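# Residue-level structure breakdown
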Number of protein chains: 2
Amino acid sequence: MNDREMSCNAGGQFMDRGRMNQNGVVQPLLTDLYQITMAYAYWKSGKIDDQAVFDLFFRNNPFHGEFTIFAGLEECLKFLDSFHYSQSDIEYLRQTLPEGIENEFFEYLGNLTAHDVTLYAIDEGTVAFPRVPIIKLEGPLIIVQLLETTLLTLVNYASLMATNAARYRMVAGKHVKLLEFGLRRAQGPDGGLSASKYSYTGGFDGTSNVLAGKLFNIPVRGTHAHAYITSFSSIGELKTRLLKHKQTGVMEDLLEHAVRHRQMLSHVLDVSTEESSEGELAAMVSYAIAFPDGFMALVDTYDVKSRDTEQVTQVLPQTDSKQKLSQPTMLELGQSLATLTPPTTPTLAMLNGHKQSNGQQFESSNGHNHVELATEPTTTTTTTISYSNGSAYLPKYVEKSFRSGLLNFSAVALALNDLGYHALGIRIDSGDLAYLSCLAREAFEKVAERFKVPWFNKLTIVASNDINEETILSLNEQGHKIDCFGIGTHLVTCQRQPALGCVYKLVEINGQARIKLSQDVEKVTMPGNKNAYRLYSADGHALIDLLQKDSEHPPAVGQKVLCRHPFQESKRAYVIPSHVESLYKIYWKSGKICQHLPTLEQVREKVQISLKTLRNDHKRTLNPTPYKVAVSDNLYNFIHDLWLQNAPIGELS
Amino acid sequence: MNDREMSCNAGGQFMDRGRMNQNGVVQPLLTDLYQITMAYAYWKSGKIDDQAVFDLFFRNNPFHGEFTIFAGLEECLKFLDSFHYSQSDIEYLRQTLPEGIENEFFEYLGNLTAHDVTLYAIDEGTVAFPRVPIIKLEGPLIIVQLLETTLLTLVNYASLMATNAARYRMVAGKHVKLLEFGLRRAQGPDGGLSASKYSYTGGFDGTSNVLAGKLFNIPVRGTHAHAYITSFSSIGELKTRLLKHKQTGVMEDLLEHAVRHRQMLSHVLDVSTEESSEGELAAMVSYAIAFPDGFMALVDTYDVKSRDTEQVTQVLPQTDSKQKLSQPTMLELGQSLATLTPPTTPTLAMLNGHKQSNGQQFESSNGHNHVELATEPTTTTTTTISYSNGSAYLPKYVEKSFRSGLLNFSAVALALNDLGYHALGIRIDSGDLAYLSCLAREAFEKVAERFKVPWFNKLTIVASNDINEETILSLNEQGHKIDCFGIGTHLVTCQRQPALGCVYKLVEINGQARIKLSQDVEKVTMPGNKNAYRLYSADGHALIDLLQKDSEHPPAVGQKVLCRHPFQESKRAYVIPSHVESLYKIYWKSGKICQHLPTLEQVREKVQISLKTLRNDHKRTLNPTPYKVAVSDNLYNFIHDLWLQNAPIGELS
């Protein structure tokens, strides 16, 4: 049909089928029953040779935005490639369809493949717009109809997810890492996998989902949960404290290093060692021993004293303030620290140089650790503080857990440094993320200076806890020092709009164009077999998408094209494109994938390249400018002549 | 631990593994990476023999309701049963985890199973409430921690979906059929499958998803789409019109019967044959020939004349009025009906007895069909009409497509009747569903009477088109005659709340209870290993759920139990239960499934039985009464003694 067809390599198949396995549930029966009953009725009516053209498109961009990222194409092609009813499928259909279905139909189904279908599509990862078909299928009516539901289910969520991820990437900026943490809240196990895959496509840097990592070769990331910290209640539980020095290979006592640094740090950070949790220190030491080169710690687990966080948590407006104010705090019950600590194990007090006997002294030490009276300036009402004065103290009204966590983390990180290792950073999972990240960054800078460990300046600060697009925007406004966001529920469920609403419409049958009229102009389909072009300005920005009848010549560079609003007669524009992109390629023809399929990594790059061609005003969060989708004058007249010819004229009497 | 343990058949395994296959993506790597890094750190810290208890629970009921249906248990058990890292999993982890992981750890992982884990759970399909664990796991800390994410992902969406479906069932009432039509809008292919499965669990009657039907033995339903109707443009396209009489076996011309009835029906229904579409008639005849015993037709495809629907569509308040007002209308373009109809094929005019020659006459007939001037009472402003006056006319201001569709459907249904078959009914996919369903029912009753076909009274009326819980409530208020709803997007994406938010919390380690304190009392966990009981009144209603320490004696029938609010000291109630249900059963122990697992059908029945034990005020849509969840006096004191003992006392100065 066009030049692109030439690129179809009839002799070979580009796709490495083994490269990435498709979920086994993607099969011809993953469809609505009515596709199969219709197939029988078509078959029975002798429509076996009817040729149809269907368009797959969406009517509205999601999330109140003005663009959509098209994703899911590779899955569609794999589906076409493997399209075949198994013997057990046929058996099931025989039992399930009404009695009286002719046997020949089942034979017909059993031999059906997608070999006679031709699939045109926009490249996966490209920015797409309402009404411009992202996929166009030509082929026998029955087969093309049978593909509908599966193609929709493969494109709908994939595109929604990639778009959502791309939006997060835009608000977070280029330099912040984004990790997908949503598996536990995803809609089913495969919903989780699709979320991981397409959030990566849309611009995320990795996922916590290990299987997604394995199947799609996506970076996987993760450290530990609060449960890890809380599984330790004292340093007595540390079965090993030794770690090999990275350079010398000599085994050293990491805990001893950590305790020594902790003592010094307590002055620098103005956090007394009694304010910080012993169990947390033990957990962090053990984690550092397991991952000396990958030490990243949660710093908000232990609330050692009473908390008074309201002043600081007011700073950040969030969707569910009740959730944001909450703070996990774990206290072990039923046994005192003293009894937990075997007599042969030193307590921190002993490590700190206070040699003492067991018993009363222990209780005193530990009791002190837990019930020391608070001395916070409870009258403080400041809601923001200046971060520029160079002061490194951690204000007393800051979440206690954070004070404890930051002290213990810094101590363990310095201990690791003694042994030749560099820690990675911290994760904050509660509280005022902007404020705490600034405090942490400031503390790290102070430690870097005082302890002469410049790499401390570059420690990573990860933030998680119910983050969405608005949270990130708000954090940006406040100023934050977060290097990485871990995002779950809002990302994977696409909470703001959980369905894209792609549709699949018949536009031509046996060479005759079909139009679907509707009271609602938005629902009127563009009739006939069409081509789509994207016209670019001299500065490389996309100006307009143009639909034409497939018999028309493509627009040419430097030549004026009349672009018309499909329905509003007076809305017209002449466009002289500096570059014309033909949006469709033949991806599937004669039973073969006709293009070299990009890797997931390449699709991910494509998303950013494609987004870059879009003017910023189309991409902004608030009131973005709609991108123009037009029809050629020829297509406009074709649509409207026939519309008028067919629409009835009312009579008033 | 309790009597239930006795029911564990150590010698055998109840579950027929072949009965229902689990999606292959449910495997140990379907988890967050941090579970595995934590496992290594636990292992490295010598915590290999630590024993833990974790609770899986949710904190809030979804959809502003006061109950949740627990679902997903069978999938969890299958996951435990097959829990094993494959060689390729281990290889992947070796490449993915930081360098320096000891080789013995991978060996340990390679030999890991869930055999040492014991899983207690509430029965699948039971009504569950916030804070009462629905699953409790005991076992080695490392393994139980490794199960977290997968169990959450299996329970979260399953329970959300089952709850959503149960709510639809409640508002629709017992006698209305509910079908799940959401595959194309689901979150990924398996999201669609889970939706089909758990909407059936929650009380739906079937799905359009064929694979779900095959895998889970759920009834599948479906007829045809608008595309089927619009693929026909004239009766000339009917390659066969013959259907065998059901009793006599004689082949008869179904079209001829239909056309004859259509003529008569046009008077009864006050719809002229010119107002109805010829292509639609052809499509319906062909569909009836394919499914003579299963004839159900979409009746809102063809808008033959101008439309004037605003008066009637105002009746139904809907979420997106723009969408509701729209109405699909398909006109074939680029060729007149006359040229489509081969000269050898009779037109309707000929079948109707108007013998005429080709050419001008055809054009006249067809032109008339399309451009006859409207004569509707456009001044009508009535927004509701009385359905009780027995008048069977279809008001002219009703959607034209519906007038056309109902006439054609009735004609084909009567034609089928002549040949010994009974049609099933109609589907309405647009417009004012309450109003149109009443009109259709009235029309069917009139036809039943006039044509002496009493079964016409019982024709099924199916409604689809973006239906949600509110739509059904609104339809109920207006009065409707819909027998069946087809529900998609809102059901499967759980648009009102797309995630349940189950959590998995450590409550005991090595025999020591753990409590997680929080500013937000809602987030405080119930410490220790607990049992849960549901206490019933004499009339069979559930009164309260009671959590106890697992060392306590169960509450006894007829004996007064003090039930306490877990956090509000003064909220106490004495309950004398007439029946006590111990909520937990051991479902998994020593590597075996310990209960006979119910079929999906049985779980579905369980949902309705369990919901019946709940008072109506807990179930109502608007401001339902919260169901009480209490702790025993013993557990109350245990929690609060330890809480006070551990929470610091502040000092004001």
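Residues numbered from 1 in each chain as written. Chains lettered and ligands numbered in written order. Predicted model: local features only at pLDDT ≥ 70, side-chain atom pairs only at ≥ 80, totals over all residues. Heavy atoms only, no water.

A tally of helices and strands in chain A yields 22 helices and 24 strands. Within chain A, counting contacts between residues at least 6 apart in sequence, those at least 24 apart form 76% of the total. Summed over all atoms, the accessible surface of chain A reaches about 23,000 Å², with 50% contributed by carbon and sulfur. (Helix = DSSP H or I, 4+ residues; strand = E, 2+ residues; numbered from the N terminus. Contact = heavy atoms within 4.5 Å. Areas by Shrake-Rupley, 256 points an atom, 1.4 Å probe, with all protein chains shown as cover.)

Residue and element names in this part refer to chain B. Looking at the element boundaries, Asp 483 is found in the loop between α18 (469–478) and β14 (484–487). Considered as a pair, Asp 483 and Leu 178 are 305 residues apart in the sequence and their alpha carbons are 8.7 Å apart. Beyond its immediate stretch of four places on either side in the chain, Asp 483 contacts His 175, Val 176, Lys 177, Arg 441, Leu 459, Thr 460 and Ile 461. Of the polar contacts made by the side chain of Asp 483, one reaches the side chain of Arg 441; its length is 2.7 Å. (Polar contact = N/O pair within 3.5 Å; in protein donor to acceptor, adjacent residues only side chain to side chain.)

This paragraph deals with the packing of helix α6 (residues 189–202) of chain B against helix α20 (residues 600–612) of chain B. For any two helices packed against each other, the geometry is given by the interaxial angle and the distance between the axes. Residues and elements named next belong to chain B. Orientation of α6 relative to α20, taken along the N-to-C sense of each, is 45°, at an axis distance of 7 Å. If you check the angle between α6 and α20, you find them oblique. On α20, the residues that touch Lys 197, Tyr 200, Thr 201 and Gly 202 of α6 are Leu 600, Glu 601, Val 603, Arg 604, Val 607 and Gln 608. (Axes fitted to C-alpha atoms, helices over the stretch in contact; angles between N-to-C directions. Parallel < 35°, antiparallel > 145°, perpendicular 65-115°, else oblique.)

Residues and elements named next belong to chain A. Taken together, six strands build an open sheet; the order of strands is β20-β19-β24-β18-β17-β21 and the sheet is mixed. Unpaired on one side and paired on the other, β20 (572–575) and β21 (579–582) mark the two borders of the sheet. With strand direction ignored, the average angle separating the axes of adjacent strands in the sheet is 35°. Pairing of strand β19 (residues 561–564) with β20, which is carried by four bridges, proceeds in the antiparallel orientation. (Pairing = 2+ DSSP bridges.)

For a regular strand, the rule is simple: side chains alternate between the two faces of the sheet. All names here are of chain A. Direction of pairing for strand β3 (residues 118–121) relative to strand β22 (residues 585–589): antiparallel, over a ladder of three bridges. Across the sheet, residue Leu 119 finds its bridge partner in β22, namely Trp 588. Both β22 and strand β23 (residues 592–593) contribute to a ladder of two bridges, which runs antiparallel. In the strand pairing of β23, Trp 588 is matched with Ile 593. Connecting β22 to the next strand, β23, in antiparallel fashion are two residues, including Ser 590 with a positive phi near 50°.

On to the UniProt feature "domain: Nicotinate phosphoribosyltransferase N-terminal" (unreviewed entry) in chain A. Within this numbering scheme, the UniProt entry marks residues 29–156 of chain A as carrying the feature "domain: Nicotinate phosphoribosyltransferase N-terminal" (unreviewed entry). End C-alpha to end C-alpha, residues 29–156 of chain A measures 18 Å, and it is 44% helix and 16% strand. (UniProt positions renumbered as here; feature names shortened; annotations may be inferred.)

Turning our attention to the side chain of Ser 233 of chain A. Tracing the chain through its elements places Ser 233 of chain A in the loop between α8 (226–230) and β8 (242–244). At 2.3 Å, the side chain of Ser 233 of chain A forms a polar contact with the side chain of Glu 237 of chain A.

A few words now on the packing of aromatic side chains. Aromatic ring pairs: the centre-centre distance and the angle between the two ring planes describe each pair. Tallied over the full model, the rule gives 39 aromatic pairs over all chains. Ring geometry for Tyr 42 of chain A versus Tyr 228 of chain B: centroids 4.8 Å apart, planes at 35°, classification tilted. Of this pair, Tyr 42 of chain A sits in helix α1 (residues 33–44) while Tyr 228 of chain B sits in helix α8 (residues 226–230), placing the two residues on different chains. There is no split in this pair, since Tyr 42 of chain A and Tyr 228 of chain B are both buried. Relative to Tyr 287 of chain B, the ring of Tyr 228 of chain B lies with its centre 5.2 Å away and its plane at 75°, an arrangement referred to as edge-to-face. Of the two residues, Tyr 228 of chain B sits in helix α8 while Tyr 287 of chain B sits in helix α10 (residues 278–290), which places them 59 residues apart along the sequence. Three or more aromatic residues joined by ring pairs form one cluster here, namely Tyr 40, Tyr 42, Trp 43, Phe 105, Phe 106 and Tyr 108 of chain A together with Tyr 228, Phe 232, Tyr 287 and Phe 291 of chain B. (Phe/Tyr/Trp six-rings, centres within 6.5 Å; stacked < 30°, edge-to-face > 60°. Buried < 20%, exposed > 50% of the residue type's maximum accessible area, 1.4 Å probe, protein only.)

Attention now goes to the sheet that holds strand β19 (residues 561–564) of chain B. Residues and elements named next belong to chain B. What the six strands build is an open sheet, ordered β20-β19-β24-β18-β17-β21; its pairing is mixed. Edge positions in the sheet fall to β20 (572–575) and β21 (579–582), since each has one partner strand and no second. Geometrically, the sheet is characterised by an average inter-axis angle of 35° between neighbouring strands, direction not taken into account. As paired strands, strand β17 (residues 530–536) and strand β18 (residues 542–549) are joined by seven bridges and run antiparallel to one another. Residue pairing across strands places Tyr 536 opposite Ala 542, the latter belonging to β18.

A separate point is helix α9 (residues 254–268) of chain B. Note on helix geometry: an α-helix contains 3.6 residues per turn, so any two residues three or four positions apart are oriented the same way. Residue and element names in this part refer to chain B. For α9, spanning 15 residues, the distance from its first C-alpha to its last is 21 Å, which sits close to the expected 21 Å at 1.5 Å a residue. Along its length, α9 shows its largest kink, about 25°, at Arg 262. Where α9 begins, the side chain of Asp 253 points an oxygen toward the backbone nitrogen of Leu 255, at a separation of 3.0 Å. Where α9 terminates, the next one or two residues include Asp 270, which has phi positive at roughly 55°. (Expected span 1.5 Å × (residues − 1). Bend = angle between axes of the 7 residues up to and from the residue.)

Turning our eyes to something else, we now look at the environment of Met 526 of chain A. Residue and element names in this part refer to chain A. As for its position among the elements, Met 526 is in the loop between β16 (512–517) and β17 (530–536). Owing to a relative accessible area of 4%, Met 526 belongs among the buried residues under this scheme. Met 526 sits 475 residues away from Gln 51 along the chain, and the two C-alpha atoms are 18 Å apart. Other than its neighbours up to four places away in sequence, Met 526 contacts Asp 55, Arg 131, Val 507, Leu 547, Pro 566, Phe 567, Val 631 and Ile 639.

Turning our eyes to something else, we now look at the packing of helix α1 (residues 33–44) of chain B against helix α4 (residues 103–110) of chain B. Residues and elements named next belong to chain B. Interhelical geometry of α1 versus α4 gives an angle of 115° and a closest axis separation of 11 Å. Taken together, the axis directions place α1 and α4 in an arrangement best described as roughly perpendicular. Crossing hand, α1 versus α4: right-handed. Touching Ile 36, Ala 39, Tyr 40 and Trp 43 of α1 are Glu 104, Phe 105 and Tyr 108, all from α4. Grouping the constituent residues of the contact of α1 with α4 by class yields six nonpolar, no polar and one charged. (Left-handed = near helix turned anticlockwise from the far one by under 90°. Nonpolar A, V, L, I, M, F, W, Y, C, P; charged D, E, K, R; others polar.)

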